[in-house]
Amino acid sequence: MLAFDPIDRAGALWATHWPDEPEDVFAAMRAVTSVMRAQQILIAELDALLRPHGLTFARYEALVLLRFSRAGALPLRLIGQRLMVHPTSVTNIINRLEAQGLVVRRPNPADGRGTLAEITPAGREVVERATTDLMAAEFGLGGYDKAQLEEMFDMLRGLRVTAGDFTDP
């Protein structure tokens, strides 16, 4: 463990090396580096919680999406859109879940060329147990109260809207 904040130190070094730049630039560098580090910390913690269930967070998200769908099945294309990942990533996630017996593939009756991923009874059981563990750990954010979590969500929502994830009503 370091005796100083390396991100704050990096911001100070940036300011020293580029003294003519506005301070906003260095605040942005510290903020984005903090977000990236927070993502690393959360993924490591959540994956550790999910490992006993044979899941990663990406596979867990796919199972939850299928669990919440009316029929328990969705087209792979739609899974990619909802999870905001590349089609190759969806294929990889579904391949792994299928190998574990948590998902099956079947032809899409509404689209003869498409494929559906469908959650199995074993997949439903695993996602329920995994969700219980994640909720008990407050998804790795137990150090924040409800107001702070809502503020965090609202701040990051603007970034996601600007990136084109969705249109803000």
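Here the structure is a predicted model, which is why all the values come from computation and not from measurement.

**Student:** So, the sheet that holds strand β3 (residues 111-119): which residues are in play, and what are the values?
**Tutor:** Here we have three strands laid out as an open sheet, ordered β1-β3-β2, and antiparallel in their pairing. The two strands at the open ends of the sheet, each matched to only one other strand, are β1 (73-75) and β2 (103-108). On average, each strand axis in the sheet is tilted by 30° relative to the strand beside it, whichever way the strands run. Taken together, the six bridges between β2 and β3 define a ladder with antiparallel strand orientation. Paired with R106 across the two strands is L116, which belongs to β3. Sheet contacts for helix α4 (residues 76-83): β1, β2 and β3; angle to β1, the most-contacted strand, approximately 90°.

**Student:** Quick one: what's the story with unusual backbone geometry, residue by residue and with numbers?
**Tutor:** In the Ramachandran plot, M84 falls in the positive-phi region, its phi being about 60° despite a non-glycine side chain. Looking at where M84 falls in the secondary structure, it is placed in the loop between α4 and α5 (87-99). Taking the relative accessible area as the measure of exposure, M84 reaches 48% and is therefore partly exposed. At F139, a position not held by glycine, the phi torsion is positive, near 50°. On the secondary structure map, F139 appears in the loop between α6 (121-136) and α7 (146-162).

Each value, and the rule that gives it
- Residues numbered from 1 in each chain as written.
- Predicted model: local features only at pLDDT ≥ 70, side-chain atom pairs only at ≥ 80, totals over all residues.
- Heavy atoms only, no water.
- Pairing = 2+ DSSP bridges.
- Helix = DSSP H or I, 4+ residues; strand = E, 2+ residues; numbered from the N terminus.
- Axes fitted to C-alpha atoms, helices over the stretch in contact; angles between N-to-C directions.
- Contact = heavy atoms within 4.5 Å.
- Buried < 20%, exposed > 50% of the residue type's maximum accessible area, 1.4 Å probe, protein only.

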